[in-house]
Protein chains: 2
Amino acid sequence: MQEQVNVAILGATGNVGRLLLEILEERNFPAKSIKLLASPRSVGMIITSPKNKSYTVELACPEAFDGIDIVFASAGAKVSQELAPEIIKRGGVIIDNSSAFRMQEDVPLVVPQVNGEDIAKHKGIIANPNCSTAPLVLALKKLDEKFKVKRVVVSTYQSVSGAGKEAMDELTLASQKSLEGKSHDYKAFVHPIAFNLIPQIDVFTDNGYTKEEMKLINESRKMLHRPDLAITCTAVRVPVFISHSESVNVEFASNVNLEDIKKTLVETPDLVLEDNIKEKIYPMPAMVAGKDPVYVGRLRLDESQANTINFWLVSDNLRIGAALNAVKIGEELLKIRAPLAKTL
Amino acid sequence: MQEQVNVAILGATGNVGRLLLEILEERNFPAKSIKLLASPRSVGMIITSPKNKSYTVELACPEAFDGIDIVFASAGAKVSQELAPEIIKRGGVIIDNSSAFRMQEDVPLVVPQVNGEDIAKHKGIIANPNCSTAPLVLALKKLDEKFKVKRVVVSTYQSVSGAGKEAMDELTLASQKSLEGKSHDYKAFVHPIAFNLIPQIDVFTDNGYTKEEMKLINESRKMLHRPDLAITCTAVRVPVFISHSESVNVEFASNVNLEDIKKTLVETPDLVLEDNIKEKIYPMPAMVAGKDPVYVGRLRLDESQANTINFWLVSDNLRIGAALNAVKIGEELLKIRAPLAKTL
């Protein structure tokens, strides 16, 4: 029988925090106990899981991590930075959904199906990638192994749920107001999102790219173990509730044909090739929301350049892009049980 | 004084037809008379222009074109194919917004600021390009002249108005129903559009691309006079009412730097470089709707490849992508007065 561990969810009241609880239950994660932690304003809140278990939210203070083996953190970079040392000091491992540690050399950044072997190198922190990056590297990994990816051009179509529950509420309210012909305030985004597109996600960096775009670029390189991979990105927020979509153009270093590419994608774990244009079948965000796999469709050769393809990728940004990937990291961690500290 | 001509709008009750009337007025097009033509079900309808002139819709039959010098047609490919010979026979010129004649060798396909010189070669038909293609070639033309475009990768974010008035009504109704948690029918698109993305515009062709994608590819080549231009496209419908957006990656054959690119874009007629990321300023569809120019922002070097840039382009698909471009073709036609048939 698998050993059971004490688990905490840090940031338990957010979009990803709630889904973490749901997915831990769904997948029967071997948790002896699950503690829900959040900031003072949420302390005392009762959260009932889909399997009808009730949890009382407790304060996310250092002492809360006494006896905790694994912390799934999704409370932002600042909170993770502050509490990670406290978690590690107490013998726990933090699987962190924020961008705080992702590019730190001694922190594994992991999609288990892509670079699960990196988990073993952890020193108490394992980082969960950006929500657009996780599905992309999952789709690229086996293609890269077989045909060597030469260059990638990505344009994203990202849903509002990536920006939190408030952002989803804002899309609802702003859409209602807009349909009634009324003006509306906005604060979740820097511009109005209802029936609009915002070509900015996160803040800008010195090279004119947004942090979101640079995350996709840098995190892909790290997880694919291709530090010099040529990859560029334009990240755009769209008025969709859940699921991020990506238009992806990939050039390969070796000769490819469409059949081999298809075969490789079909063999990729947790990827569904949903591609039957005769029946108008391809992935769409509203239909992918709530599902676990990464969906790929509209696969075709790019006739403008040799050995190049176009495809359309959709995945639930809260699941494979966040909570599900974190839980999968936790499962792998338990399997290898490597430097999982003394408490295990 | 400029000679005045008799004008007809074919498909006068649609999105583009109504805007054609508005723009002819706005720009004081030298029309002696304007006749509004449509199918039998719209005959007798009274349309009042923004300048408060009333027009009665007449039947689009061959005889309606007696004495007409210029026909602005936006009633679909089938109607244009049927009526073009009748218009030409009566000495008129048809400026056609449908895809019926665009790729015919003896038909000029024109964005006046890009290849206005092609108008003179017309034989009674001048084609107006696809609504995503017109702004793209406008943005690329001067760049191509100065730096020679080597390859273009485009991902589009296209509004529903490109699919007609019914599609706009469907987005309104479907969004309302969706916000109320109710199901809704759809018929303007092959899948539900509310809070969703549909990676299919028009039907599929044998190579796995949609007709919309192939239009952008083939029409760009024709208008830029670059029949072998390497260009690929993924076209996606988004839940936005008006304005098409495009994420564009362009590789050049010669050395480029960002300053020269900016300078060239600023010098491009009817293009506005709206690009101040410090102030979070870049074009967005809801703000561009109703405006004439093509807007470009998020301009930056693509660090994944030499001499390559990324930018974000937004334009009102009903204006520069359709009605405005058609009227500009009409204005150029009057200027050159070349083979404008005997009636002029």
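Summary of the structure given here.

Definitions and cut-offs
- Residues numbered from 1 in each chain as written.
- Chains lettered and ligands numbered in written order.
- Predicted model: local features only at pLDDT ≥ 70, side-chain atom pairs only at ≥ 80, totals over all residues.
- Contact = placed C-beta atoms within 7 Å.
- Helix = DSSP H or I, 4+ residues; strand = E, 2+ residues; numbered from the N terminus.
- Nonpolar A, V, L, I, M, F, W, Y, C, P; charged D, E, K, R; others polar.
- Axes fitted to C-alpha atoms, helices over the stretch in contact; angles between N-to-C directions.
- Parallel < 35°, antiparallel > 145°, perpendicular 65-115°, else oblique.
- Left-handed = near helix turned anticlockwise from the far one by under 90°.
- Buried ≥ 20, exposed ≤ 12 C-beta atoms within 10 Å, placed from the backbone.
- Right-handed = clockwise from strand over helix to strand, strands pointing away.
- Pairing = 2+ DSSP bridges.
- Least-squares fit on C-alpha atoms with pLDDT ≥ 70 in both.

## Some details on the interface of chain A and chain B
- With 47 residues of chain A in contact, the opposing surface of chain B contributes 47 residues.
- With five residues, the top contributor of residues to the side of chain A that touches chain B is strand S10 (residues 230-237) of chain A.
- Taken together, the residues of the side of chain A that touches chain B sort by class into 24 nonpolar, 17 polar and six charged.

## Here we look at the packing of helix H4 (residues 133-147) of chain B against helix H7 (residues 258-267) of chain B
Residues and elements named next belong to chain B.
- At their nearest, the axes of H4 and H7 sit 9 Å apart, and the two run at 130° to each other. By the angle between their directions, the pair H4 and H7 is classed as oblique. Crossing handedness for the pair H4 and H7: right-handed. Across the interface between the two elements, Lys142, Leu143 and Lys146 from H4 touch Ile261, Thr264 and Glu267 from H7.
- Partitioned by chemical class, the residues of the contact of H4 with H7 number two nonpolar, one polar and three charged.

## Section: the packing of helix H1 (residues 15-26) of chain B against helix H9 (residues 319-336) of chain B
Residue and element names in this part refer to chain B.
- Viewed as axis vectors pointing N to C, H1 and H9 meet at an angle of 50°, and their least axial separation amounts to 9 Å. By the criterion of interaxial angle, the relationship of H1 to H9 is oblique. Like other packed secondary-structure pairs, H1 and H9 cross with a definite hand, here right-handed. Residues Val16, Leu19, Leu20, Ile23 and Leu24 of H1 lie in contact with H9, whose contacting residues are Arg319, Ala322, Ala323, Leu324, Ala326 and Val327.
- Class assignment for the residues of the contact of H1 with H9 results in 10 nonpolar, no polar and one charged.

## Some remarks on the pairing of strand S7 (residues 93-96) of chain A
All names here are of chain A.
- Side chains Val93 and Ile95 of S7 all project onto a buried face; the interleaved residues Ile94 and Asp96 project onto the opposite face, where all are buried too.
- Regarding the hand of the β-α-β motif, the stretch spanning strand S6 (residues 70-73), helix H2 (residues 77-89) and S7 is right-handed.
- Pairing analysis gives three bridges linking S7 to strand S8 (residues 125-127), with the strands arranged parallel. Bridge pairing links isoleucine 95 to isoleucine 126 in S8.

## A short note on the relation of the copies chain A and chain B
- Note on the copies: chain A fits chain B at an RMSD of 0.0 Å, the axial shift is 0.0 Å, and the rotation between them is 180°. Here the symmetry operator amounts to a two-fold rotation axis.
- Taken as a fraction of all interface residues of chain A, those also at the interface in chain B reach 100%, which identifies the copy contact as same-surface.

## Focus on the sheet that holds strand S12 (residues 271-273) of chain A
Residues and elements named next belong to chain A.
- Spatially, six strands are ordered S10-S9-S11-S14-S13-S12 in an open sheet, and the strand pairing comes out mixed. The open sheet has two edge strands with one neighbour each: S10 and S12. For this sheet, the mean inter-axis angle between neighbouring strands, taken without regard to orientation, is 20°.
- Pairing geometry for strand S9 (residues 149-158) and S10, over eight bridges, is parallel. Paired with serine 155 across the two strands is threonine 234, which belongs to S10.
- Contacting S9 and S10, helix H6 (residues 211-223) crosses the sheet at an angle of about 145° to S10.

Any functional reading would require information that these geometric values do not contain.
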